[in-house]
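# Structural characterization, general
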Amino acid sequence: MEQNETIHLQPVNKFVLKDLATPTKINWCPGCGDFGILMGLKNAVVELKKEQHEIFLISGIGCSSKTPYWVKLYGYNGLHGRALPFATGLKLANHALTVIVVGGDGDGYSEGGNHFMHACRRNIDMTYIVFNNQVYGLTTGQASPTSEKGFKTKATPDPVIEEPVNPVALAIAAGATYVARAYAGDVQHLKRIIIDAVAHKGFAFIDVLQPCVTFNHHNTFDFYKQRLYKLEDEQFDFTDKAKAFVRAQEWGEKIPIGLFFKVERDTYESQVPALQKEVLLKQSLDMRKQVGDVMREFS
Ligand code: SF4
């Protein structure tokens, strides 16, 4: 090699898949779509080229919200619908962390629906992955905000008479800067979307269609196999918000997955003066001086 020749080193993975294993037994039902999402998430995390301690996984309550138990990263299993507020606080305390939030459609679009809307418009740099099985699985099969009209189960014996929430359209309308949909049965596609979403600077939202084999006998693997197509196969223009919103309405014979919308916008934390010097948790609190300054200001 010539003396002045530059060596270009590729960033390498900091850990491998088996390093993410935990001793806790997975107790999802056999055949649940959650397994595909877990694999997509773990494979994506390995390829982020980060250390395990740099990634934090946060959840609410539900079958999918057990995920942090089964991925060896920093993790937190929180309150029903409250994963996003906790993640927001965490990110503001240490914005150097990569924050990934996971949860279900009941947790995220019902109990946490208000937090979802505000997380979208704030554009805090985090990734929110919703395991959308269109039913409350953990509590034995009640209709959820995304259950289709006419849906019924043993726990919801009368057919649903409401229209379902459209999470993709909602996220676009609320101001999310990265909006995608993936499918639990296509692990490689899901993995690529998660990697792309984490790389995005801002609030990245992924709605993942996930069959619940125990309580949702309508939105099955077969249902999706017959309907799903990928937006990238059509060279879809994900920078056009109006087109993204129109495509988000498509649900029937054909259902799109992939990236619907992506735009660059300042993150929330990049506009907070107190966070510009360094991460908050490394800053000296110096409480006596701060309290003294406040007392003098108001005396
Ligand atoms: Fe999966 Fe449904 Fe079983 Fe929950 S109840 S683990 S979502 S199959």
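See above for the structure.
Each chain carries its own residue numbering, running from 1 in the direction its sequence is written. In view of the model being predicted, local features appear only for residues whose pLDDT reaches at least 70, and side-chain atom pairs are presented and counted only at 80 or more, with totals across whole chains, interfaces and linings using the full set of residues. As a rule here, side-chain values cover all heavy atoms of the structure and leave hydrogens and water aside.

## Focus on the site of the ligand
Only heavy atoms are used to decide nearness, and a residue is near a molecule or strand if one of them lies within 4 Å of it. All residues in the neighbourhood of the ligand are listed as Trp28, Cys29, Cys32, Cys63, Asn133, Gly137, Gln210, Cys212, Val213, Thr214 and Phe215. The residue inventory of the shell around the ligand, partitioned by class, reads seven nonpolar, four polar and no charged. Three residue categories are used. Nonpolar comprises Ala, Val, Leu, Ile, Met, Phe, Trp, Tyr, Cys and Pro, charged comprises Asp, Glu, Lys and Arg, and polar comprises the others, including Gly.

## Focus on empty space enclosed by the protein
If a probe as big as a water molecule is rolled over the atoms, it shows which places are left empty. Using a grid of 1 Å spacing that covers the protein atoms alone, one calls a set of points a cavity when a 1.4 Å probe fits there but cannot get out, and a pocket when the set is open and has protein on both sides within 12 Å along at least five of seven lines; lining residues are those with an atom within 4 Å of a point. Grid points are joined across faces, edges and corners, and a volume is the space filled by probe spheres set on the points. Under the definition given, this model contains one cavity of 30 Å³ or more. Taken as a whole, the largest cavity spans an internal volume of roughly 40 Å³. Lining the largest cavity are Gly81, Arg82, Ala83, Leu84, Asp107, Gly108, Gly112, His115 and Tyr128. Starting at the N terminus, helices and strands are each numbered in turn, a helix being any DSSP run of H or I of at least four residues and a strand any DSSP run of E of at least two. Broken down by secondary-structure element, the contributors of at least two residues to the lining of the largest cavity are helix 2 (83–93) and helix 3 (105–111). A breakdown of the residues in the lining of the largest cavity according to their chemical character gives three nonpolar, four polar and two charged.

## Here's the deal with unusual backbone geometry
Although it is not a glycine, Asn123 sits at a positive phi angle of roughly 60 degrees. The residue Asn123 is located in the loop between helix 4 (113–122) and strand 4 (126–132) in this model. Backbone geometry places Thr140, a non-glycine residue, at a positive phi of 75 degrees. Considering the arrangement of structural elements, one finds Thr140 in the loop between strand 5 (135–136) and strand 6 (142–143). Each residue's exposure class comes from its accessible area (1.4 Å probe, protein chains only) as a fraction of the maximum for that residue type: buried when under 20%, exposed when over 50%, partly exposed otherwise. According to the relative accessible area criterion, Thr140 is partly exposed, its value standing at 46%.

## Considering the layout of surface pockets
The space that makes up the largest pocket amounts to roughly 290 Å³. Lining the largest pocket we find 19 residues, and of these Lys91, Thr98, Asp125, Val198 and Lys201 sit closest to its centre. With four residues, helix 6 (residues 187–199) is the largest single contributor of residues to the lining of the largest pocket. Looking at the lining of the largest pocket residue by residue, the classes come out as nine nonpolar, five polar and five charged.

## A look at the environment of Ile194
Relative to the elements of secondary structure, Ile194 occurs in helix 6. As for Ile194 and Lys91, which are separated by 103 residues in sequence, their C-alpha atoms are 18 Å apart. Between two residues, a contact is recorded if the distance between any of their heavy atoms is within 4.5 Å. Excluding residues that lie within four positions of it along the chain, Ile194 makes contacts with Gly40, Leu41, Ala44, Ile129 and Ile206.

## Here's the deal with the pairing of strand 4
A large share of strand 4 lies buried, amounting to seven of its seven residues. Side chains of strand 4 alternate between two faces, with Met126, Tyr128, Val130 and Asn132 and Thr127, Ile129 and Phe131 buried alike. Pairing between strand 4 and strand 8 (residues 203–209): seven bridges, direction parallel. Note that in strand 8 the partner of Phe131 across the bridge is Val208. In this analysis, strands are considered paired if DSSP registers two or more bridges between them.

## A few points about the pairing of strand 10 (residues 255–262)
The element strand 10 is extensively covered by neighbouring structure, given that seven of its eight residues are classed as buried. The sheet contact formed by strand 7 (residues 178–183) and strand 10 spans four bridges and is antiparallel. Bridge pairing in strand 10 links Arg181 to Gly258. Sheet topology places strand 9 (residues 228–230) next to strand 10; three bridges connect them, and they run parallel.

## A short note on the sheet that holds strand 9
If you walk across this open sheet you meet the eight strands as 2-1-3-4-8-7-10-9, and the pairing is mixed. Of all strands in the sheet, those with a lone pairing partner are strand 2 (74–77) and strand 9, marking the two edges. Looking at each pair of strands side by side, their axes are set apart by 20 degrees on average, direction ignored. Sheet topology note: the strand 1 (residues 55–59)/strand 2 ladder contains four bridges and is parallel. Here the axes come from fitting lines to C-alpha atoms, over the contacting stretch only for helices, and the angles between their N-to-C directions go from 0 to 180 degrees.

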